[in-house]
Amino acid sequence: MKTKIAIIGGGPAGLAAAIEAYDKGVKDVVILERDSLLGGILNQCIHNGFGLHTFKEELTGPEYAQRFIDKVKERNIECLLETIVIDISADKVITAMSKERGIFTIEAEAIVLAMGCRERPRGALNTPGYRPAGIYSAGTAQRYVNIEGKMPGHKVVILGSGDIGLIMARRMTLEGAKVEAVAELMPYSGGLKRNIVQCLDDFGIPLKLSTTVIDIDGKDRVTSVTLAKVDEKMQPIPGTEEKIECDTLLLSCGLLPENELSSQMGVDLSPVTGGAKVDESLETSIDGVFACGNVLHVHDLVDYVSKEASEAGRHAAEYVLGEKTNRGSEVVNISTGNGVRYTVPVCVRKDRLEDLLTIRFRVGNVYKNPEICVYLGDKCIQRRKKQICAPGEMEQVILKKADILADDGAKEIKIAIETN
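About the cut-offs
Residues numbered from 1 in each chain as written. Predicted model: local features only at pLDDT ≥ 70, side-chain atom pairs only at ≥ 80, totals over all residues. Heavy atoms only, no water. Salt bridge = Lys/Arg side-chain N within 4 Å of Asp/Glu carboxyl O. Helix = DSSP H or I, 4+ residues; strand = E, 2+ residues; numbered from the N terminus. Buried < 20%, exposed > 50% of the residue type's maximum accessible area, 1.4 Å probe, protein only. Core = buried A, V, L, I, M, F, W, Y, C linked by side-chain atoms within 4.5 Å. Contact = heavy atoms within 4.5 Å. Expected span 1.5 Å × (residues − 1). Pairing = 2+ DSSP bridges. Arc of directions from axis to C-beta. Phe/Tyr/Trp six-rings, centres within 6.5 Å; stacked < 30°, edge-to-face > 60°. Lys NZ or Arg CZ within 6 Å of the ring centre and 35° of its normal.

K.L.:
Please clarify how the pattern of salt bridges should be interpreted in this entry.
P.N.:
Between side chains of opposite charge, a pair can form when the charged atoms approach closely. The tally for this structure, following the rule as stated, stands at 29 salt bridges. Here Glu308 ties to Arg360 by a salt bridge, and the two come within 3.7 Å at their closest N and O atoms. Placement of Glu308 in helix 7 (residues 302-320) and of Arg360 in strand 21 (residues 356-363) is noted, with a sequence separation of 52 residues between them. Pair check on accessibility: Glu308 and Arg360 agree, each one buried. Across the salt bridge formed by Arg360 and Glu311, the nearest N and O atoms sit 3.4 Å from each other. In this pair, Arg360 sits in strand 21 while Glu311 sits in helix 7, placing the two residues 49 residues apart along the sequence.

What follows is the structure, given as structure tokens:
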């Protein structure tokens, strides 16, 4: 089988990329999705709050996904469901399998990686104690409650204050469970401020910062967990232990881009995000392979996933149509300064630049009244004040092509946080 553009993943990123590539003029597009339905993780996110940027209205996750699914169906874009991709070669040959086709290959002219992300499991946290029933990732618990109609437990402690953990604190409460506490290792929450207010504060659920689980009791089922405060080196402080009786522990300890396929095919990955290193066109280190959405870096809003994926789909179509210049053009690297953990993209090619360039990034701490500063070489070309920057919220700067090209000798753009 041959195709112009193959998109790996049928979640919000894959759907948006497919639609944009099709509308750009490439009609031969195929989406490969391992689930039996399109929509990805949105299918189990039944709370509202999606679509405010994209559609200017508040939608649930399934409603948001359906808007894009309908557009895919209107365009008659081919979707191979219940299809697992097991390998992608550097020359863009995809090996996949399904119960209808068995093992088969697809030769693509361009590929868009849109596999999303997964939760960090207990094994990666090195939490001591037994391995009883009642320990779930927050996303697994969300699926049980929202899709399968099952309650994971009735007396709950949540470790980690990422958005999924915060949302599940509210969801479990609404279903009749008692959420005893949300513990967070860091001195700040990893979730959006609005989720802290709407999911914890509104329900009187305590958020314990600089706190972690140091022991899990129970052999057949969780009976209690022990929390403790941690110091600046993230080590438990003796004498601060607190035992909380519970039958369920939910883990919301971060998301990891699903990049095993990317790594196997030789894509350069960022050691900070775990996602691919991309240029201004969201093209990876492999010619004609693009990445977008949570497989690239973990986003806070699905609206931003869709916008970024549309860009990737457009650039993939331009690549197939021969509208992109070659990769040999002059490169300006993008580096991080004080407080900035990473940027997307990591470099730009001068002769590929469009009129405006969006650089997305996250900070590594909470900063009050900071300035987001952009340097081109030694010159500051943009300075913007904010009330607060926090790790839970993605930031961005928008640069003008003219400003970047103004200094022919500049080889680096640096994004930094500056405080008084």
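Okay, back to it.
K.L.:
Whenever I open this one, the nonpolar core confuses me. Can you help?
P.N.:
When a protein is soluble and globular, its nonpolar side chains tend to lie buried together. Judged by nonpolar contacts, the single largest core of 65 residues is most densely connected at Ile5, Ile8 and Leu32. When residues in this core are grouped by element, the largest group, 8 residues, is from helix 1 (residues 12-24). Not counting the four nearest positions on each side in its chain, Ile5 is found in contact with Ala21, Val26, Asp28, Val29, Val30, Ala110, Val112, Ala316, Ala317 and Val320. One finds Leu357, Leu376, Leu399 and Ile413 within the second-largest nonpolar core, a separate group that totals 21 residues.

K.L.:
Would you mind showing me how to read helix 1 here?
P.N.:
Between its first and last C-alpha, helix 1 extends 18 Å over 13 residues, near the 18 Å set by a 1.5 Å rise per residue. For helix 1, every residue scored as buried is listed here: Pro12, Ala13, Gly14, Leu15, Ala16, Ala17, Ala18, Ile19, Ala21 and Tyr22. Of the surrounding elements, those touching the buried residues of helix 1 are strand 1 (2-8), strand 2 (29-32), helix 2 (61-74), strand 6 (102-113) and helix 7. One or two residues past the end of helix 1 sits Gly25, with phi positive at roughly 125 degrees.

K.L.:
Before we go on, may I ask you to explain the environment of Gln44 in this structure?
P.N.:
Inspection of the secondary structure puts Gln44 in the loop between strand 2 and helix 2. Take Gln44: its relative accessible area is 6%, and that puts it in the buried class. The spacing of Gln44 and Pro62 is 18 residues in sequence and 7.3 Å in space, taken between C-alpha atoms. Gln44 has contacts with Gly139, Gln142, Arg143, Asn146 and Ile147, leaving out every residue within four places of it along the chain.

K.L.:
What is the right way to look at the sheet that holds strand 10 (residues 178-183) in this model?
P.N.:
In a beta sheet, neighbouring strands pair by backbone hydrogen bonds and run either parallel or antiparallel. Strand order in the open sheet made by the 5 strands is 8-15-9-10-11, with parallel pairing throughout. Since the sheet does not close on itself, it has two edges, and those belong to strand 8 (135-137) and strand 11 (207-208), each with one partner. Note that strand 8 and strand 15 (residues 248-251) share 3 bridges and pair parallel. Paired with Ser137 across the strands is Leu251, a residue of strand 15.

K.L.:
Can you walk me through the pairing of strand 13 (residues 224-229) in this structure?
P.N.:
Consecutive residues of a regular strand have side chains that alternate between opposite faces of the sheet. The buried count for strand 13 comes to 5 of 6 residues, which makes it a mostly enclosed element. Sheet topology places strand 12 (residues 211-217) next to strand 13; 6 bridges connect them, and they run antiparallel. Directly across from Asp215, in strand 13, lies its bridge partner Thr226. Counted between consecutive antiparallel strands, the loop separating strand 12 from strand 13 contains 6 residues, among which Gly218 sits at a positive phi close to 115 degrees. As paired elements, strand 13 and strand 14 (residues 242-245) share 4 bridges and run antiparallel to each other. Bridged to Ser224 within strand 14 is Glu245.

K.L.:
Sorry if this is basic, but what is going on with helix 5 (residues 193-200) here?
P.N.:
What sets the pattern is the α-helix's 3.6 residues per turn: residues three or four places apart point alike. Every buried residue of helix 5 is listed here: Asn195, Ile196, Cys199 and Leu200. Buried positions in helix 5, seen along its axis, are confined to an arc of 105 degrees and lie on one side of it. Looking at the buried residues of helix 5, the elements they touch are helix 4 (163-174), strand 10 and strand 11.

K.L.:
Is there a simple way to think about the side chain of Glu33 in this case?
P.N.:
Of note, Glu33 is situated in the loop between strand 2 and helix 2. Excluding residues within four positions of it along the chain, Glu33 makes contact with Gly9, Gly10, Gly11, Leu38, Leu80, Leu81, Glu82 and Thr83.

K.L.:
Is there a simple way to think about the packing of aromatic side chains in this case?
P.N.:
The description of two aromatic rings rests on the distance between their centres and on the angle between their planes. On inspection of all chains with the given rule, the structure shows 5 aromatic pairs. Note on Tyr136 and Tyr144: the rings are 5.7 Å apart at their centroids and 90 degrees apart in plane angle, and the pair reads as edge-to-face. Using a relative accessible area of 17% as the deciding quantity, one classes Tyr136 as buried. Aromatic rings pair up to connect Phe55, Tyr64 and Phe68 into one cluster. When the ring centre of Phe104 is taken as origin, the NZ or CZ atom of Arg101, which lies over that ring, is 5.1 Å away. Stacked on the ring of Tyr375, the Lys or Arg Lys414 has its end atom at 5.7 Å from the ring centre.

K.L.:
Sorry if this is basic, but what is going on with unusual backbone geometry here?
P.N.:
Among all residues except glycine, the phi angle is most often negative; among peptide bonds, the trans geometry is most common. A cis amide bond links Val344 with the next residue in sequence, Pro345, at an omega value of 5 degrees. When you line up the elements, Pro345 lands in the loop between strand 19 (340-344) and strand 20 (347-349). The phi angle at Met234 is positive, at roughly 65 degrees, despite the residue not being glycine. Checked against the element boundaries, Met234 lands in the loop between strand 13 and strand 14. Look at Met234 and you get partly exposed, because its relative accessible area is 29%. For Asn369, which is not glycine, the phi torsion reads 55 degrees and is therefore positive. Here Asn369 lies in the loop between strand 22 (367-368) and strand 23 (371-376).

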